[in-house]
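Take a look at the letters that make up each chain.
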Amino acid sequence: DKTVDPRDKKSTKVIQLETAMGAAISCFQGAIALKIPRTRFAPVKTTNDLLALRSDAYVITTDFRIELAASRKGVPPNVKLDGAYKFVDAMDTLTP
């Protein structure tokens, strides 16, 4: 079950809908899908992903893109935080 405020299980319940990209793109006339290599983006869905992105495993290029550091040889870090750090404010207590 999901709630409006994930920290408060008594807050209003909600239903989360997710649509596959293939289905969503069909709603826009002339829309196309682009295949972007993993080297061009770093998906952030969890605080694990965010902490990895904030680490030195990623660099900011001269044109302000975020890329995996060459020293990582294409392998992003595998961060697994304890459930106590599910929210950003808790995760932020781990770093200065």
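In what follows, the structure referred to is the one given above.
Residues numbered from 1 in each chain as written. Predicted model: local features only at pLDDT ≥ 70, side-chain atom pairs only at ≥ 80, totals over all residues. Heavy atoms only, no water.

Below, the discussion takes up the overall build of the protein chain. Helix and strand content of the protein chain: three helices and four strands. Along the protein chain, helices (α) and strands (β) appear in the sequence β-β-α-α-β-β-α when read from the amino end. Here the C-alpha radius of gyration of the protein chain, 18 Å, is well above what a compact globule of 96 residues would show, namely 12 Å. Counting only C-alpha atoms and orienting by the principal axes, one finds that the protein chain spans roughly 45 × 45 × 20 Å. Across the protein chain, the fraction of contacts at a sequence separation of at least 24, relative to all contacts at a separation of at least 6, is 35%. A total of about 8200 Å² of accessible surface is found on the protein chain, and carbon and sulfur atoms cover 58% of it. Here the protein chain carries 15 positive and 11 negative side-chain charges, and the mean point of each set is 6 Å from the other. (Helix = DSSP H or I, 4+ residues; strand = E, 2+ residues; numbered from the N terminus. Rg over C-alpha atoms; globule rule 2.2 N^0.38 Å. Contact = heavy atoms within 4.5 Å. Areas by Shrake-Rupley, 256 points an atom, 1.4 Å probe, with all protein chains shown as cover. Lys, Arg positive; Asp, Glu negative; His and termini not counted. Charge placed at Lys NZ, Arg CZ, Asp CG, Glu CD.)

All right, on to the packing of aromatic side chains then. Applying the stated criterion to the full structure yields zero aromatic pairs. Positioned over the ring face of Phe-87 is Arg-7, at 4.1 Å from the centre of the ring. (Phe/Tyr/Trp six-rings, centres within 6.5 Å; stacked < 30°, edge-to-face > 60°. Lys NZ or Arg CZ within 6 Å of the ring centre and 35° of its normal.)

All right, on to helix H2 (residues 47–54) then. For H2, the set of buried residues is Thr-47, Leu-50 and Ala-52. Measuring from the side-chain oxygen of the N-cap residue of H2 to the backbone nitrogen of Asn-48 gives 3.2 Å; that N-cap residue is Thr-46. (Buried < 20%, exposed > 50% of the residue type's maximum accessible area, 1.4 Å probe, protein only. Polar contact = N/O pair within 3.5 Å; in protein donor to acceptor, adjacent residues only side chain to side chain.)

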